Amino acid sequence: LDEASLARAQLDGVTLTDATLRSADLTDANLSNANLRLADLRGADLEDANLEGANLSEASLEGATGVTVEELEEQAASLEAATMPDGTEHD
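Reference entry: report on the structure contained in this document. (Residues numbered from 1 in each chain as written. Predicted model: local features only at pLDDT ≥ 70, side-chain atom pairs only at ≥ 80, totals over all residues. Heavy atoms only, no water.)

Note on placement: D40 falls in the segment before α1 (69–75). The buried category is assigned to D40, whose relative accessible area is 11%. (Helix = DSSP H or I, 4+ residues; strand = E, 2+ residues; numbered from the N terminus. Buried < 20%, exposed > 50% of the residue type's maximum accessible area, 1.4 Å probe, protein only.)

Quick look at the structure:
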């Protein structure tokens, strides 16, 4: 799903484990309670995306835009070993 346009998509509860969403447009997408474990979200646009309760453990978010580390920490259920947008690894 590299460069897929999923803006405003209703993906709540979806399982996208190990999915490749590099540079995907997820603007305003509802990803609440989604399982994005091991997902490749490098360079994805997550502006105004709902990540409430999402599992982002071991996901790669390096270079993702539209979301801050703080917003991810507030919303996601898990960020264990995820690579954050700034390139750091989350505990």
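Picking up after the structure, the text goes on.
Another aspect to go through is the pattern of salt bridges. Under the criterion given, the structure shown has three salt bridges. Measuring nitrogen to oxygen at the nearest pair gives 2.8 Å for the salt bridge that ties E58 to R37. Residue E58 is located in the segment before α1, and its partner R37 is located in the segment before α1; the two are separated by 21 residues in the primary sequence. Judged by its relative accessible area of 38%, E58 falls in the partly exposed class. Between R42 and D40 there is a salt bridge whose closest N-O contact spans 2.7 Å. (Salt bridge = Lys/Arg side-chain N within 4 Å of Asp/Glu carboxyl O.)

The next subject is the environment of E73. For E73, the location among the structural elements is in helix α1. The residues touching E73, leaving out its near neighbours within four places in the chain, are L79 and H90. Side-chain polar atoms of E73 contact the side chain of H90, separated by 3.2 Å. (Contact = heavy atoms within 4.5 Å. Polar contact = N/O pair within 3.5 Å; in protein donor to acceptor, adjacent residues only side chain to side chain.)

Attention now moves to the nonpolar core. In terms of nonpolar packing, the biggest core is built from 29 residues, with L26, L41, L46, L56 and L72 touching the most fellow members. The contact partners of L41, leaving out residues within four places of it in the chain, are L21, L26, L56, S60, L61 and A64. (Core = buried A, V, L, I, M, F, W, Y, C linked by side-chain atoms within 4.5 Å.)

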